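Notes for the structure review
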Amino acid sequence: MRMLHTSDWHLGRSFHRASMLGAQAGFISHLVETAREREADVVVVAGDVYDRAVPPLAAVELFDSALHQLAEAGIPTVMISGNHDSARRLGVGAGLIDRAGIHLRTSPAACGEPVVMADRHGDVAFYGLPYLEPALVKDVLGAERAGHEAVLRAAMDQVRADLAGRAPGTRSVVLAHAFVTGAAVSDSERDITVGGVAAVPLEVFDGVDYAALGHLHGCQTLTPRIRYAGSPLPYSFSEADHRKSMWLVDLDAEGEVSAERLDCPVPRPLARLRGALEELLADESLARHAESWVEVTLTDAMRPADPMARLQERFPHTLSLVFAPDRSEEEALDSYARRLSGRDDRQIAEDFVGHVRGGVGPDTAERALLHEALDAVRTADHLGEVHR
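Residues numbered from 1 in each chain as written. Predicted model: local features only at pLDDT ≥ 70, side-chain atom pairs only at ≥ 80, totals over all residues. Heavy atoms only, no water.

Note the cut-off: UniProt positions are given in the numbering used here, feature names are shortened, and annotations may be inferred rather than shown by experiment.
Labelled according to an unreviewed UniProt entry, the chain appears under the name Nuclease SbcCD subunit D, originating from Streptomyces albidoflavus. Recorded under Function (unreviewed entry), the UniProt text for the chain is reproduced unchanged: "SbcCD cleaves DNA hairpin structures. These structures can inhibit DNA replication and are intermediates in certain DNA recombination reactions. The complex acts as a 3'->5' double strand exonuclease that can open hairpins. It also has a 5' single-strand endonuclease activity." Looking at the chain in UniProt, the text filed under Subunit (unreviewed entry) is "Heterodimer of SbcC and SbcD."

The following block contains the structure:
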């Protein structure tokens, strides 16, 4: 059985201010073409199809297009809901869509009810475990408590119980959307700690041949049988070093796993630049980032004038600007509150300017403006007292 394992499409999500719909449509076309060319028997999508519970219309239309492309290509697909999806909305029409070979698994109550497919070696049971919010599914699954590990264990108990009742030699695949201990995170995954400790141990998935995981955006192998596909596109600059890909997984007659990592198309490379503004603008070695999506961290002691506009002249796709002035260790550790002790309002205001500028205080014109503002406030306070 040959599977193409993907996850975390996040249809409708943008990358900072840049729309990703075109890149997402390109990925889906690439997915279908890859499944055809590599003769995949099934596509598995391990959650976070959408980026939000109520997705924008353009994202719904793109999902509809994906379903049609997969169905027209005759590629069976098993898909679960993730923590970004509304399970009930994603599951609307699931029974009818099943007839087209697209199997949506969004109900926690159905964790032990697999989609069964066959190859020349026999049956393979695909169990869809959607994202399980502990407080909402504890009773449905009969879990001992409302925690991520407890509800996932209860769901896997149902999987193993169903599998035990099937013909000997039946192979098994679990799709799950969870944070598994030992995996690496990035900045673009929504936290799932509500309801208990988020991480679950690897051994929760004991007893199945392959666990196709979703939720974390970095492609990674936890064991040969337990893998994250990662997101096919970047959704934060913390993913600058990611290689965006899918897993092509072969399950042999004995349930042994072999996997090949297949690259996804990249709309633009990501670059994270750090330094003083003038240095970044003059550095010839950075010319290679002219077409990249760029995040810049400026280390200037004083905030430069119009930094974003100047950066975009050289790096047109600069999307994120962070200020982190270089300071000595002593300056970084010095307490701002302690430095204010015993100072009057004018000194405090001037010190504040120096504090946020990394030690560079106001010039003569700025000092005069600060004093004028403080005098105006004191005058207004005095008039207010007189008229009370």
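**Let's talk about the overall build of the chain**
Selection rule: Labels follow the DSSP assignment, with helices taken as runs of H or I lasting at least four residues and strands as runs of E lasting at least two, numbered in each case from the N terminus. As a reference, a globule follows 2.2 Å times the number of residues to the power 0.38, and the radius of gyration itself is taken over C-alpha atoms. Pairs of residues are marked as contacts when any of their non-hydrogen atoms sit within 4.5 Å. For every accessible area listed, the method is Shrake-Rupley and the probe measures 1.4 Å; residues are considered covered only by the protein chains on display.
On a plain count of helices and strands, the chain comes out with 12 helices and 19 strands. The C-alpha radius of gyration computed for the chain amounts to 27 Å, which surpasses the reference 21 Å derived for 388 residues by more than 25%, pointing to a less compact arrangement than a globule. Across its three principal directions, the C-alpha atoms of the chain cover 85 × 50 × 40 Å. Here the analysis covers contacts within the chain between residues at least 6 apart in sequence; of these, 68% occur between residues at least 24 apart. Accessible surface, the chain as shown: approximately 18,600 Å² in total, 51% of it carbon and sulfur.

**Some remarks on the packing of aromatic side chains**
Operational definition: Only Phe, Tyr and Trp rings are paired, with Trp represented by its six-membered ring, and only when their centres lie within 6.5 Å; those with planes under 30 degrees apart are stacked, over 60 edge-to-face, the remainder tilted. Each ring is checked for a lysine NZ or an arginine CZ that lies within 6 Å of its centre and within 35 degrees of its normal; such an atom marks a charge sitting over the ring.
According to the stated counting rule, one finds 4 aromatic pairs in the structure shown. Taking the centre distance of 5.4 Å and the plane angle of 65° together, the rings of Tyr-50 and Phe-63 count as edge-to-face. Taken together, the residues Tyr-50 in the loop between β4 (42-46) and α2 (57-72) and Phe-63 in helix α2 connect sequence positions 13 residues apart. Three or more aromatic residues joined by ring pairs form one cluster here, namely Phe-15, Phe-237 and Trp-293. Note that Arg-303 overlies the ring of Phe-323, its terminal NZ or CZ placed 3.8 Å from the centroid.

**Comments concerning the sheet that holds strand β12 (residues 210-214)**
Across a sheet, paired strands are connected by hydrogen bonds in the backbone, their directions being either parallel or antiparallel. For the record, the criterion: Following DSSP output, two strands are said to pair if at least two bridges run between them. Axes, fitted as lines to C-alpha atoms, cover a helix only where it is in contact. Angles between the N-to-C directions of the axes lie from 0 to 180 degrees.
If you trace the 6 strands from one edge of the open sheet to the other, you get β7-β8-β9-β12-β14-β13, paired in mixed fashion. The outermost strands of the open sheet, each flanked by one partner alone, are β7 (115-119) and β13 (220-223). Taken over all neighbouring pairs, the strand axes of this sheet differ in orientation by 20° on average, direction set aside. This element, helix α6 (residues 148-164), spans β8 (122-129) and β9 (171-177) of the sheet and lies at about 160° to β8.

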